[in-house]
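# Overview (structure and organization)
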Protein chains: 2
Amino acid sequence: MLDQTNDPTLRSWVDAANVADCDFPIQNLPYGSFNVRGTQRRLGVAIGDQVLDLPAAVDAGLLQIGDAAGALRASTLNAFMAEGPASWSVLRLALSHLLSSGNALLRDDDALRARVLHPMESVTLHLPFDIAEYTDFYASRHHAFNVGSMFRGPENALPPNWLHIPIGYNGRASSVVVSGTPVRRPWGQVKGSEDSAPRFAPSARFDIELEIGAIVGVPSDRPLTVGEAFENIFGYVLLNDWSARDIQAWEYQPLGPFQSKATATSLSPWVVTAAALEPFRVDTPAREVPLPPHLRDAGPMLYDIALDVALAPEGGRETVISRTNYREMYYSTAQQLAHHSTCGCPMRVGDLLGSGTISGPEPGSRGSLLELSWGGRDPVEIDGGTRTFIEDGDTLTLRGHAQGDGFRIGFGECCGTLLPVKTPQRDS
Amino acid sequence: MLDQTNDPTLRSWVDAANVADCDFPIQNLPYGSFNVRGTQRRLGVAIGDQVLDLPAAVDAGLLQIGDAAGALRASTLNAFMAEGPASWSVLRLALSHLLSSGNALLRDDDALRARVLHPMESVTLHLPFDIAEYTDFYASRHHAFNVGSMFRGPENALPPNWLHIPIGYNGRASSVVVSGTPVRRPWGQVKGSEDSAPRFAPSARFDIELEIGAIVGVPSDRPLTVGEAFENIFGYVLLNDWSARDIQAWEYQPLGPFQSKATATSLSPWVVTAAALEPFRVDTPAREVPLPPHLRDAGPMLYDIALDVALAPEGGRETVISRTNYREMYYSTAQQLAHHSTCGCPMRVGDLLGSGTISGPEPGSRGSLLELSWGGRDPVEIDGGTRTFIEDGDTLTLRGHAQGDGFRIGFGECCGTLLPVKTPQRDS
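Rules used in this analysis
Residues numbered from 1 in each chain as written. Chains lettered and ligands numbered in written order. Predicted model: local features only at pLDDT ≥ 70, side-chain atom pairs only at ≥ 80, totals over all residues. Heavy atoms only, no water. Contact = heavy atoms within 4.5 Å. Buried area = accessible area lost by both parts, 1.4 Å probe. Salt bridge = Lys/Arg side-chain N within 4 Å of Asp/Glu carboxyl O. Polar contact = N/O pair within 3.5 Å; in protein donor to acceptor, adjacent residues only side chain to side chain. Helix = DSSP H or I, 4+ residues; strand = E, 2+ residues; numbered from the N terminus. Least-squares fit on C-alpha atoms with pLDDT ≥ 70 in both. Buried < 20%, exposed > 50% of the residue type's maximum accessible area, 1.4 Å probe, protein only. Pairing = 2+ DSSP bridges. Domains from an automatic or database assignment. Axes fitted to C-alpha atoms, helices over the stretch in contact; angles between N-to-C directions. Phe/Tyr/Trp six-rings, centres within 6.5 Å; stacked < 30°, edge-to-face > 60°.

### Things to note about the interface of chain A and chain B
Taken residue by residue, the interface counts 59 residues in chain A and 59 residues in chain B. It is Arg172, Leu255 and Phe258 of chain A that lose the most area in chain A upon contact with chain B, and together they represent 15% of the buried surface on that side. Counting every contact that joins chain A to chain B gives four salt bridges. A salt bridge links Arg172 of chain A to Asp351 of chain B; the shortest N-O distance between them is 2.6 Å. Between chain A and chain B we count 28 residue pairs in polar contact (both at pLDDT 80 or more) in total. Looking at the side of chain A that touches chain B, the elements with two or more residues in it are strand E6 (134-137), strand E7 (168-170), strand E10 (187-190), helix H7 (226-231), helix H8 (245-251) and helix H10 (333-340) of chain A. Sort the elements by how many residues they give to the side of chain A that touches chain B and E7 of chain A lands first, with three residues.

### Some details on the relation of the copies chain A and chain B
Rotating chain A by 180° and translating it 0.0 Å along the rotation axis places it on chain B, where the RMSD comes to 0.0 Å. The relationship between the two copies is best expressed as a two-fold rotation axis. Identified as the residue of chain A closest to the rotation axis by C-alpha distance is Gly256 of chain A, at 2.1 Å. In this assembly, 100% of the residues forming the interface of chain A have copies in chain B that are likewise at the interface, indicating an isologous arrangement.

### Brief notes about the pairing of strand E14 (residues 233-241) of chain A
All names here are of chain A. The element E14 is largely enclosed, with a buried count of nine among its nine residues. Looking at chain direction, strand E13 (residues 210-216) and E14 are connected through seven bridges and run antiparallel. Looking at the pairing, Leu210 lines up with Asn240 of E14. Both E14 and strand E17 (residues 272-273) contribute to a ladder of two bridges, which runs antiparallel. Within E17, the residue paired with Tyr236 across the bridge is Val272. Judged from the three bridges that link them, E14 and strand E16 (residues 265-267) form a sheet pairing that is antiparallel. Residue Asn240 lies in a different strand from E16, and its bridge partner there is Ser266.

### Some details on helix H10 (residues 333-340) of chain B
Summarising burial for H10 of chain B: eight of the eight residues are buried, a large majority. For H10 of chain B, the set of buried residues is Thr333, Ala334, Gln335, Gln336, Leu337, Ala338, His339 and His340 of chain B.

### A look at unusual backbone geometry
Residue Gln253 of chain A is joined to Pro254 of chain A through a cis peptide bond whose omega torsion reads 5°. Its location among the elements puts Pro254 of chain A in the loop between H8 and E16. Here the phi dihedral of Leu29 of chain B falls at roughly 55°; this positive angle occurs in a residue that is not glycine. Mapping Leu29 of chain B onto the fold places it in the segment before strand E1 (31-36).

### Considerations on the side chain of Ser332 of chain B
Relative to the helices and strands, Ser332 of chain B is located in the loop between strand E21 (319-325) and H10. The contacts of Ser332 of chain B, once residues within four sequence positions are left out, are Thr284, Met301 and Leu302 of chain B.

### Description of the pattern of salt bridges
All names here are of chain A. Inspection of the entire model under this criterion finds 52 salt bridges over all chains. Residue Arg245 is joined to Asp207 by a salt bridge in which the shortest nitrogen-to-oxygen separation is 2.8 Å. In this pair, Arg245 is assigned in helix H8 and Asp207 in strand E12 (residues 206-207), connecting sequence segments 38 residues apart. Here Arg245 matches Asp207 in class, with each residue buried. The network of salt bridges with shared partners includes Asp207, Glu209, Asp241, Arg245 and Lys261.

### Some details on the domain arrangement of chain A
Residue and element names in this part refer to chain A. Domain boundaries in chain A define domain 1 (4-126) and domain 2 (134-419). The centre of domain 1, based on its C-alpha atoms, is set 29 Å off from the matching centre of domain 2. The partner domain 2 presents 29 residues to the 29 residues of domain 1 that form the contact. Across the domain 1/domain 2 interface, buried area totals approximately 2200 Å², and carbon plus sulfur atoms make up 67% of it. Interface area lost by domain 1 to domain 2 is led by Asp23, Met81 and Trp88, which between them contribute 24%. Taken together, the links from domain 1 to domain 2 amount to one salt bridge. Here Arg408 makes a salt bridge to Asp23, at a shortest N to O gap of 3.3 Å. On the surface where domain 1 and domain 2 come into contact, there are seven residue pairs in polar contact (both at pLDDT 80 or more). Of all the secondary structure elements, the ones that give two or more residues to the side of domain 1 that touches domain 2 are strand E1 (31-36), strand E2 (42-47), helix H2 (78-82), helix H3 (85-99) and strand E5 (123-126). If you tally residues by element for the side of domain 1 that touches domain 2, the top one is H2, at four residues.

### What about the pairing of E2 of chain A?
All names here are of chain A. Of all six residues that make up E2, six are buried, and the element is covered over most of its length. Burial of the side chains of E2 extends over both faces: Arg42, Gly44 and Ala46 are buried on one face and Leu43, Val45 and Ile47 on the other. Sheet analysis places E1 next to E2, joined by four bridges and oriented antiparallel. For Ser33, the partnering residue across the bridge sits in E2 and is Leu43. From the end of E1 to the start of E2, which pair antiparallel, there are five residues, and Gly38 there has a positive phi angle of about 85°. The pairing of E2 with strand E3 (residues 50-53) spans four bridges and is antiparallel. Residue pairing in the sheet places Val45 in a bridge with Leu52 of E3. Joining the antiparallel neighbours E2 and E3 is a turn of two residues, in which Gly48 adopts a positive phi near 60°.

### Re the sheet that holds E3 of chain A
Residue and element names in this part refer to chain A. Strand order across the open sheet formed by five strands is E4-E3-E2-E1-E5, with antiparallel pairing between neighbours. Edge positions in the sheet fall to strand E4 (117-119) and E5, since each has one partner strand and no second. In this sheet, adjacent strand axes meet at a mean angle of 45° when their direction is disregarded. Contacts from H3 reach E1, E2 and E3, with the element oriented near 60° to E1.

### As for the packing of aromatic side chains
Residue and element names in this part refer to chain B. Applying the stated criterion across every chain yields a total of 30 aromatic pairs over all chains. Taking 6.3 Å as the distance between ring centres and 80° as the angle between the ring planes, the aromatic pair formed by Phe80 and Phe234 counts as edge-to-face. Taken together, the residues span a long stretch of sequence, with Phe80 in helix H2 (residues 78-82) and Phe234 in strand E14 (residues 233-241) at a distance of 154 residues. Their ring planes at 25° and their centres at 5.2 Å tell us that Trp187 and Phe200 sit as a pair that is stacked.

### Looking at the environment of Ser243 of chain A
All names here are of chain A. Mapped onto the elements, Ser243 comes out in strand E15 (residues 243-244). Discounting residues that sit within four places of it in the chain, Ser243 has contacts with Arg205, Phe206, Asp207, Glu209, Gln248, Ser260 and Lys261. Among the polar contacts listed, one links the side chain of Ser243 to the backbone oxygen of Asp241, at a separation of 2.7 Å. There is a polar contact of 3.0 Å between the side chain of Ser243 and the side chain of Lys261.

Here is the structure:
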């Protein structure tokens, strides 16, 4: 539901927040976990080029949010999310009020501002929430067709269940890292088409997957409707599901991806709330076959979020290698969460649901190098060279934003640099 | 390594611990989390028909274990496991000494005994550790062949990778419950061979999987050798991986089991330590093809643990429907954990690794009803009837022990009763 915090005419007294291409205008107000060198981690809100220190703002009496204030003293968002949707709304409204251009309380108090605002470049950002569990889906029609064609041939590209179930698998929560964390090229068991036997080797086809991650903010332990599931999502981040394609191809039958997906999963540090994305809701694409009643769309539950992927070689300039949009997904997060809960699976605060790779219909809108280079056959042009898969030293950066009228709800960046493989330590 | 705590001639002053078929002799000393009605959860050790209250024993000065004592004040084992293998040995030795027949300290102090020992029937047992993440494997040659035959036909029964990789998938940690917790028959999407379209329906083929669960006690973030992996396991429990076969058959391609395995996973409440099982180490079976060097056996790392499964209809007597042994596994937990770590996947204290269903070569040694009834074709005889899959009100109980000379290292029971399906609440 739209409210005054979504008003496109709102402006903040933090000047940088009012620039049209700023990711963090007053309509956004995303949450993160940060620290200033030498001090403890705490929760903050991005506004323009500044970070509002939430516990400091509470201590200064700037946020009147009742019992939920205690939860803002934690170093991650889980306790606050557990306070529930009413508290989420109260805090968002209080922040919008505090930071809006007409509010003098903090705007005109230099000493107080110095205590509760930190320049963004002075803070270190951490994972914004403790990941309870991580589930990854496979829900873009174009991605499923592309990958299915390469792994199983175009005639078997789409599995028989794909148009009926938002297919997902459990990922590895311990692998989740915050944007900026370097990623080490993994070892794994592989067997290429020319290999007579499997080999233990560094992955030679290391890849990204461009995704949106949704964060469960309300626990449940029974089958949810799609409408209920939508309301249980606290917010969204950019997610890069790093994937070792050669390991994946050899291991994934019959029980799904395992080590190929467990090296790292990177998240953007700012959680953009469902409330901030409310004006950008869009419908899922037309259904090729009707969904079963318990998974049917119950309103527009995707978002119009422009996304891109950039690749920069070590010491080189970056090239945008893909441009797509979250609205390309065949299934919404609400449908995925509803499916996830059908068997009574307990969902917890802090569960992370990856959308699945977001690929559009055009070759330049594919969300993985596997697809962009068509399995390595068609190298992708970058500044000063080409790529099939990621090379050591490459930095991959995901970016995304929903475009409003004169402002945008941005996600910031989700980036990571690939480090060369290390020889495993051996005790014998 | 065997030490004095494994001595088969040891006896305890707790008389019930010295009975030959007692699961909890002084050579066992498994850890659990319990409470006595109206009091807080705490850690305990099973000895005969008693539970030793660990924090109370520490407070009474009965256990001189240095800095690790603080970790025994937690309600679950994670903090103690995190103290590391040296502390595990110190506590085990202290407990063995305290409870051995020749030690008068507690034996002869009635008032103290009343404070630190609780009759087992007076306590409620809880999950003994916080499950960080749950991984389930597929590592019995007989089970893989049986299930593969039914799902894909005998000619494709064993996937090409199976003899080279201990195949596993990430399970759902939030579904893990302690023995005794009832399990609700789940809903899910199914499509039988006669269905023209998928249906949302209660599972009609709800099943068990008899497994051993291993608990990671030492964290890691690099590829482990098999020898290192073995040393990182704190202990073992019985594990029932409840499985909805009809949901599984429809959903599991291409990314593996998901909702079919997320209703519940039951654990026996007592963690039997690797130290207690040390005398029962056995080799894995002969290799059909050589394993890659990083997964090769580095000594006997399976255990000789006799296992059985009993089924009791509501109000009826139980029938043992399967008898098998953990030594039937093709891969050891150490090999599974070594594989799990190959890509650099961070492993944490409290990670739970399910062995995979343990099936022996004979029809009566299969670890699931799917196999015992051969997909429902051959009903299993039970007292007063037959079963293909689980019926409402049935109680399934797993039991297991390693047989020593005059004593046994028992696991207690892992049981659960199936409740009838509930109509989902719907908000529209």
